[in-house]
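# Descriptive analysis of the structure
Below are the chains, spelled out letter by letter.
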Amino acid sequence: MDIISSAQLMGMISTWRQGRGSLRRRLADCLRDVIERGDLAVGARLPPERTLGAHLGLSRTTVIGAYDLLRDEGWIRSWRGSGTFVAAPKGAQGHRDQLVAHLARNPLFSGLIDSPATTVDFAAASPGAAAPVADAARSAVADLTGHLRGHGYLTLGLPALRHAIAAHMSARALPTAEDEVLVTTGGQQAISLLITLYVEAADPVVVETPTYAGALDALRAAGARLFAIPAGEQGMRADDLRQMLARTRARLAYLTPSFNNPTGSVVPLETRRELARVANEFQATLVEDHTLAEIALDGAEPPPPIAAFGPDGSVVMVGSLSKLFWGGLRVGWVRAPRSVIRRLARVKAVADIASSLLPQLVATRLLPFADDVRAERRQELTARLDQLTSLLTELLPSWSWRRPAGGLSLWVRLPEGSGPDFAEVALRHGVAVVPGPHFCPDDGCHDRLRIPFCLDPGRLESGVRRLAHAWAAYRIATRVSTQPQHRTIV
Ligand SMILES: Cc1ncc(COP(=O)(O)O)c(C=O)c1O
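Quick caveat, the model's predicted, so the values are computed rather than measured.

## Description of the site of the ligand
Neighbouring the ligand are 14 residues, the closest being Gly-187, Asp-289, Ser-320, Ser-322 and Lys-323. For the ligand, a nitrogen atom lies 2.6 Å from a polar atom in the side chain of Asp-289. Taking Ser-322, its side chain carries an N or O atom lying 2.7 Å from an oxygen atom of the ligand. In the complex, 92% of the free accessible area of the ligand, which totals 390 Å², lies under the protein chains. For the shell around the ligand, the per-class residue count stands at 4 nonpolar, 7 polar and 3 charged.

As structure tokens, then:
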């Protein structure tokens, strides 16, 4: 059972005063929203009235009034001597509720749904649209004309786009045919479709730690058991994969060898060869996520994909236009042997029948600009990384990091305290940042934060300044809270 502290709850209801009606009505409405959208799991225990009142600067009577309203409306239940708990909605299914509550705690995605506009958003690591996107979108409308007589459901993807993606991959040392490509609604759907095809509930799956949180959540939603291999400066090591596959008998591993999200690490050429060999030896499938591979910064380009060394199909790839061109296009793909693509298409048909046609036409026009946009992104993002590191050096000199070779974020180590607690304080100072454990399936990385550097320079600077204020407040509060009188973090 989850016990929610007042400090945690404060992070979820920071805007409660903006509601309407009496104080108790506003507080009750805000708590109801939090429960309704799944941020508080069924059975979670709410803080006692007196403690919550002290945190919110309210009398105990007002909190009792708010709890009374929620109880009358069936959102919470109280048991004398045990406390107040989130009630199960009518017809609730325990496992699903727990899962939705867990997913709602992923700040990457919940920030996209619930974040107020005034918050500086360091939660998403996705840049604004590249220069050619607007023009390509305008021209693509004309391309639509030729398709309007048909039904427009192209489950495998627009043939011209499949062709362009195959050419794009072939130019990156991975010869690819059009029928080895399935177009998806972003890289996230590519990951989800592969999981649907390969993973059954309770299956063991090997992942890196840290790794992309969206993949971890998709695996958890499928009921996978996760086995994590630490990914250091050079990503996953082949020996570690061999031992893990031998121990767990997992048939699937997910990895991001070309600019890990969040660390930016790159797996060296020889290790890639070896990882493909190990997958083949154990007849396991590697899902190689290439989503960030085009975002090289000041270092060299990453080596060819692992898939280039596993031509037998033991490596399937996820790709995306989100980071190079724009996330709003929602265009991604899977690159796999034809037989896998045919089976995946059946899964995709159930998920959404087909991806939207207009963004696919835009993407077809954009792919020929990939090299130019890559050079522009490199210049722009290297400058933002420099800006972020110099701001941090000036304003938060005790924080440390390793400069990433690519990707969109800095994986920062805090000198003390807890990343998740600090992230809540930061939110109250108007900046959303994702703490380490969201990227680490083994619940490690509590001393880490991921800070993306793709916001425009003004937002980036104000975000770091807010982080610095939040850090000062957090340190004072944690120092005081270790004193005998136990003041909590505000
Ligand atoms: C490694 C990785 N894979 C997949 C995705 C999902 O990207 P998309 O916007 O294409 O769905 C992301 C997004 O951040 C990512 O970092």
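## Comments concerning the domain arrangement of the protein
For the protein, the assigned domains are domain 1 (6-95), domain 2 (125-129 + 376-482) and domain 3 (132-371). Here the C-alpha centroids of domain 2 and domain 3 sit 27 Å apart. Domain 2 puts 27 residues into the contact, and the matching count from domain 3 is 31 residues. Contact between domain 2 and domain 3 buries roughly 2,400 Å² in total, counting both sides, with carbon and sulfur atoms accounting for 55%. Broken down residue by residue, the surface that domain 2 buries against domain 3 is led by Arg-378, Arg-402 and Pro-441, which jointly contribute 25%. Counting the contacts that link domain 2 with domain 3 gives 2 salt bridges. In this structure, Glu-301 and Arg-378 form a salt bridge, with 2.5 Å as the shortest nitrogen-oxygen distance.

## Here's the deal with empty space enclosed by the protein
Going through the model one piece at a time under the given rule, you end up with 3 cavities of 30 Å³ or more. In this model, the largest cavity occupies a volume close to 70 Å³. Contributing to the lining of the largest cavity are His-168, Met-169, Arg-172, His-290, Thr-291, Glu-294, Gly-319, Ser-320, Leu-321, Leu-324 and Trp-333. Among the secondary structure elements, those contributing two or more residues to the lining of the largest cavity are helix H8 (159-170) and strand E10 (315-320).

## What to know about the packing of aromatic side chains
Applying the stated criterion to the full structure yields 7 aromatic pairs. Joined through ring pairs, the aromatic side chains of Trp-399, Phe-422, Trp-471 and Tyr-474 make up one cluster.

## Remarks on the pairing of strand E5 (residues 181-184)
Neither face of E5 is exposed, since Val-181 and Val-183 on one face and Leu-182 and Thr-184 on the opposite face are all buried. By the bridge criterion, 4 bridges tie E5 to strand E11 (residues 332-335) in an arrangement that is antiparallel. Counterpart to Val-181 in the pairing with E11 is Arg-335.

## Quick look at the environment of His-168
Locating His-168 in the fold gives a position in helix H8. For the pair His-168 and Leu-226, spaced 58 residues apart in sequence, the C-alpha separation works out to 32 Å. Leave out the neighbours within four places in its chain, and His-168 touches Glu-294, Trp-333, Leu-367 and Ala-370.

## Remarks on the packing of helix H2 (residues 23-36) against helix H4 (residues 60-72)
Between two packed helices, what matters for the description is the angle formed by their axes and the separation of those axes. Packing of H2 against H4 leaves a shortest axis separation of 8 Å and a crossing angle of 50°. One finds that H2 runs oblique with respect to H4. In this structure, the crossing between H2 and H4 has a hand that is right-handed. Every residue of H4 that contacts H2 at Leu-23, Arg-24, Arg-25, Leu-27, Ala-28, Leu-31 and Arg-32 is listed here: Thr-62, Val-63, Gly-65, Ala-66, Tyr-67, Leu-69 and Leu-70. Here the contact of H2 with H4 is composed, by residue class, of 9 nonpolar, 2 polar and 3 charged.

## Details of the packing of helix H3 (residues 49-56) against H4
For the pair H3 and H4, the least separation of the axes is 8 Å and the interaxial angle reads 115°. The two elements H3 and H4 meet at a crossing, and its hand is right-handed. Touching Glu-49, Arg-50, Leu-52 and Gly-53 of H3 are Arg-60, Val-63, Ile-64 and Tyr-67, all from H4. Looking at the contact of H3 with H4 residue by residue, the classes come out as 4 nonpolar, 1 polar and 3 charged.

## Section: the side chain of Thr-119
Here Thr-119 lies in the loop between helix H6 (107-114) and strand E4 (120-122). Residue class for Thr-119 comes out buried when judged on its relative accessible area of 8%. Contact partners of Thr-119, with chain neighbours within four places excluded, come to Leu-427, Gly-430, Val-431, Ala-432, Arg-459 and Arg-466.

## Side note on the state of the cysteines
What the rule picks out here adds up to 1 disulfide. A disulfide bridge connects Cys-440 with Cys-445, and the sulfur atoms are separated by 1.9 Å. Across the S-S bond of Cys-440 and Cys-445 the torsion is about -85°, and the bridge reads as left-handed. Given a relative accessible area of 1%, Cys-440 falls into the buried group.

## A look at the nonpolar core
Counting 87 residues, the largest nonpolar core has Leu-241, Phe-325, Trp-399 and Leu-467 as its most contacted members. Lining this core are residues from two domains, each supplying at least three of them: domain 2 (125-129 + 376-482) and domain 3 (132-371). Grouped together as the second largest cluster of nonpolar side chains are 28 residues, Ile-191, Leu-252, Val-287 and Val-318 included.

Cut-offs used in this document
Residues numbered from 1 in each chain as written. Predicted model: local features only at pLDDT ≥ 70, side-chain atom pairs only at ≥ 80, totals over all residues. Heavy atoms only, no water. Near = heavy atom within 4 Å. Polar contact = N/O pair within 3.5 Å; in protein donor to acceptor, adjacent residues only side chain to side chain. Areas by Shrake-Rupley, 256 points an atom, 1.4 Å probe, with all protein chains shown as cover. Nonpolar A, V, L, I, M, F, W, Y, C, P; charged D, E, K, R; others polar. Domains from an automatic or database assignment. Contact = heavy atoms within 4.5 Å. Buried area = accessible area lost by both parts, 1.4 Å probe. Salt bridge = Lys/Arg side-chain N within 4 Å of Asp/Glu carboxyl O. 1 Å grid on protein atoms, 1.4 Å probe; cavity = no way out; pocket = protein on both sides within 12 Å on 5 of 7 lines; lining within 4 Å. Points joined across faces, edges and corners; volume = space filled by probe spheres on them. Helix = DSSP H or I, 4+ residues; strand = E, 2+ residues; numbered from the N terminus. Phe/Tyr/Trp six-rings, centres within 6.5 Å; stacked < 30°, edge-to-face > 60°. Buried < 20%, exposed > 50% of the residue type's maximum accessible area, 1.4 Å probe, protein only. Pairing = 2+ DSSP bridges. Axes fitted to C-alpha atoms, helices over the stretch in contact; angles between N-to-C directions. Parallel < 35°, antiparallel > 145°, perpendicular 65-115°, else oblique. Left-handed = near helix turned anticlockwise from the far one by under 90°. Disulfide = S-S within 2.5 Å. Core = buried A, V, L, I, M, F, W, Y, C linked by side-chain atoms within 4.5 Å.

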